[in-house]
Amino acid sequence: MTGFTRRAALALGLVAGLTACMPFGLGGGGDAVTGSTLPEGTRIVLVRHMDRDDGNLNLMGIRRAEQLVEAIADVPLDAIFTHDLPRNMDSARPLAEARGIEMTLIDPDTVPDTLPGLAAGRSVIWVGNTGNLGRLWDTFGLDGEATPVTYGQLAIIEAGAGGVLTVETRRFGPPPAAE
């Protein structure tokens, strides 16, 4: 390694270490992290499927899916991504109908590899599950536990200049019942 390459690696390590100390969580928006592989202008909304009983949405989940439409009314969307579990599709359906956008199904096991490319330069939403939301959180290099894993919680990740990601968190609907 050349001296320049070593210094660059040390600088990146320092940035990564400082980034690890940055607060992410439920406190609101504006938190940022560098080193994203998302191009500037990319926006990804992450949300867990809505409240369920025995695998399917319960009454609260159905209502919360309808409330998602209003919760992100100010967020433009180019695509709605989910997978073929009925609870996920039922969670995304009111939004798809309200926006006139067809849901695109993705294998949840490939989401960390495929969603960043599908979202590049666009504004999209992923309606997922705790496991794949956590893997996406890690893919984007975001600190702490994945934020949108509780019912009625979402995270809006935006890529700015220089690969800087900002994360805005929102809560919609009533507090979730015990999960």
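The structure under discussion appears in the preceding block.
All figures in this text were calculated on a predicted structure; none of them were measured in a lab.

K.L.:
How would you explain the side chain of Arg87 if you had to name every residue and give the values?
P.N.:
Mapped onto the elements of the fold, Arg87 is located in helix 3 (residues 86-99). The buried charged residue Arg87 lacks any salt bridge partner; its closest oppositely charged side chain belongs to Asp90, at an N-O distance of 9.5 Å. Arg87 has contacts with His49, Arg52, Gly55, Leu57 and Asn129, leaving out every residue within four places of it along the chain.

K.L.:
Let's hear about the pattern of salt bridges: which residues, and what values?
P.N.:
As enumerated under the stated definition, the model contains five salt bridges in all. Taking the shortest distance from any N to any O, the salt bridge between Asp51 and Arg64 comes out at 2.6 Å. You can see Asp51 sitting in the loop between strand 2 (43-48) and strand 3 (52-53) and its partner Arg64 sitting in helix 2 (residues 59-71), a full 13 residues away along the chain. Exposure remark for Asp51: the relative accessible area of 4% places this residue in the buried category. Classification of Arg64 by relative accessible area gives buried; the value is 0%. A salt bridge links Arg170 to Glu168; the nearest nitrogen and oxygen atoms lie 2.7 Å apart. Residue classification places Arg170 among the buried residues on the basis of a relative accessible area of 18%. You can call Glu168 partly exposed: its relative accessible area is 27%.

The rules we used
Residues numbered from 1 in each chain as written. Predicted model: local features only at pLDDT ≥ 70, side-chain atom pairs only at ≥ 80, totals over all residues. Heavy atoms only, no water. Helix = DSSP H or I, 4+ residues; strand = E, 2+ residues; numbered from the N terminus. Buried < 20%, exposed > 50% of the residue type's maximum accessible area, 1.4 Å probe, protein only. Lys, Arg positive; Asp, Glu negative; His and termini not counted. Salt bridge = Lys/Arg side-chain N within 4 Å of Asp/Glu carboxyl O. Contact = heavy atoms within 4.5 Å.

Structural measurements only, silent on function.
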